[in-house]
Amino acid sequence: MAAGNDLSIKGKAYIAGIFEHPTRHAPDKSTAQLHAEVAKGALEDAGLTRADIDGYFCAGDAPGGVMAMADYLGLKVRHFDSTDTGGCSYLVHLGHAAEAIAAGKCSIALITLAGKPRTGVMPPRASGAEADFEAAYGATTHNVYGMCAMRHMHEFGTTSTQLAWIKVAASHHAQHNPHAMLRDVVTVEDVLNSPMISDPLHRLDCCVVTDGGGALIVTTEAIARSLKKPLVRLIGHGEALKGPRGGKDLDLTYSAGVWSGPRAFEEAGVTPGDIKYASIYDSFTITVLMQLEDLGFCRKGEGGKFVADGNLISGVGKLPFNTDGGGLCSNHPVNRGGMTKIIEAVRQLRGQAHPKVQVPNCDLAIAHGTGGLLGIRHAASTCILERV
Amino acid sequence: MDSAEKYPKPQGNPETVKFWEQTAEGKFLIKRCIACGEAHYFPRSICPFCFSDKTVWEESSGEGEIYSFSLMRKSASGPYAIGYVTLKEGPSLLTNFVDCDMAKLKIGQKVKVVFKTTDGAPLPFFTPV
């Protein structure tokens, strides 16, 4: 067998369809409708029809969950999965879809994400046994990621200027994306001069809030080869969970990416140095910096130096990242970034990214994200994708 | 601060009822496992480290130091300082820093527990020593 062994998902699932909803503000649409629109878009991209789908994956953003959503979409599936790990759910779904396809549980899987936080409609965040002991203290994404940045600065000397370079790189890419919410190129000074939201994170260290969504079609090699799209397949996947575990394991300087990353790289049989393009979830600038370290693109504590001076800008630096403008500038539907990370990685591997940001001969990419609250309980999922 | 409006009432449950009863007495309880010796927070009946059910309540010194913090400025109820404190007994916990100049907080700073009355049980907060 050319692609991995029987106990691996390596090379067994292909991404045959992608669709990112062009909207960034959808007060005139329902959330379920957005799910249907992105599903339709991904099917058209793949050249398949709704009746072909026999596996469905969605997360907490799907109104009513997988049962209600599948019924709304009119799906008849033999496999489904509604794992919810926040923003990285869809990166988890991609790995799980590959497992299901490898095991013969389904052959054409649909994954959808959609929602309207910009309009003001968001499903509530689920709380666990910790609620009585934590909810009162007002943990939000801004201040919990702020605590991560504060500790990273304390331990490693990371600076706000270094974090700002991540936003600067994203903005250089977003200027070429006609759908991006923020298309203006910004400077380090612009980031540092933007209002402080939760120390040490400024407004421009934070991602955008957008309505919208995205969808994927994942299928077998045989079906993918029968379609007309360039062949892009998953060759490695890893997932992991991390929390303070009784308060003993609290360490805000690293994420569950230290486990999901190596699992994915090992399965794929490649190293960070081989990666041509990186989609890294960018809920905040600090999210990117920590993930690059955790995935092994640089050593722990050296993320600040790694991202500075345009190293993440396509055509300029060594590691082009988030060439659609990412969550920092383009799109962050439902406050969940995992789906758009996969979609831009597939565009790069197909050679269909914007010509100004397309990485030459892009044949190996990573799509990675975290979900939940990086500073408290979170998940990470890493996908290594290859153009065949 | 108007604590009664800002902080939600703890719901409580059979596993944690003793914690909330004791906060009313001004005591800050943690749990310790007598099988492995480790303390943990928030309290569980089964130790998250060794999975023994031999966990017992222990009154914490309430003393610790700031592990990290962030001053949240974008808040309808005014700025507040969220952070993690590492207790002398070992566990770290999420809290807010109160009764202090929030602009002068520092990682490593010594802090101690203070209770603030809410519309339910008093909640533990921390303040610089």
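Here the residue numbering is sequential within each chain, running from 1 through the sequence in written order. Labels follow written order: the first chain is A, the first ligand is 1, and so on. It should be noted that, the model being predicted, local features are given only for residues of pLDDT at least 70 and side-chain atom pairs only at 80 or more, the latter also being counted only at that level, while totals for whole chains, interfaces and linings use all residues.

A. Looking closely at the interface of chain A and chain B. Taken together, the contacts link 28 residues of chain A with 33 residues of chain B. Only DSSP runs of H or I covering at least 4 residues are called helices, and only runs of E covering at least 2 are called strands; the numbering of each starts at the N terminus. Broken down by secondary-structure element, the contributors of at least two residues to the side of chain A that touches chain B are helix H4 (131-134), helix H5 (141-156) and strand S5 (196-198) of chain A. With seven residues, H5 of chain A is the single largest residue contributor to the side of chain A that touches chain B. Of the residues in the side of chain A that touches chain B, the class split is twelve nonpolar, nine polar and seven charged. This entry defines residue contacts through backbone-placed C-beta atoms, with two residues in contact when those atoms are within 7 Å. Gly is put with the polar residues, along with every residue not named as nonpolar or charged; the nonpolar set is Ala, Val, Leu, Ile, Met, Phe, Trp, Tyr, Cys and Pro, and the charged set is Asp, Glu, Lys and Arg.

B. Broad picture of the sheet that holds strand S1 (residues 29-33) of chain B. Residues and elements named next belong to chain B. With antiparallel pairing, three strands are arranged side by side in an open sheet as S2-S1-S3. The strands lining the two open edges of the sheet, one partner per strand, are strand S2 (39-40) and strand S3 (55-59). Between any two strands, pairing holds if DSSP finds at least two bridges. In this structure, S1 lies alongside S2, joined through two bridges in antiparallel fashion. Bridge pairing links Lys-31 to His-40 in S2.

C. Layout of helix H2 (residues 65-73) of chain A. Residues and elements named next belong to chain A. When H2 is considered as a whole, its buried residues turn out to be Met-69, Ala-70 and Leu-73. An end-on view of H2 places all buried positions within 100 degrees of arc, on one side of the element. Exposed residues pointing more than 90 degrees away from the buried face of H2 are listed as Met-67 and Asp-71. For H2, the elements touching its buried residues are helix H1 (31-46), strand S2 (55-57) and strand S3 (79-81). To sort residues by exposure, count the other C-beta atoms lying within 10 Å of each residue's C-beta; 20 or more gives buried, 12 or fewer gives exposed, and values between give partly exposed, all with C-beta atoms placed from the backbone. Regarding the arc, it is the one traced by the directions from the helix axis to the C-beta atoms.

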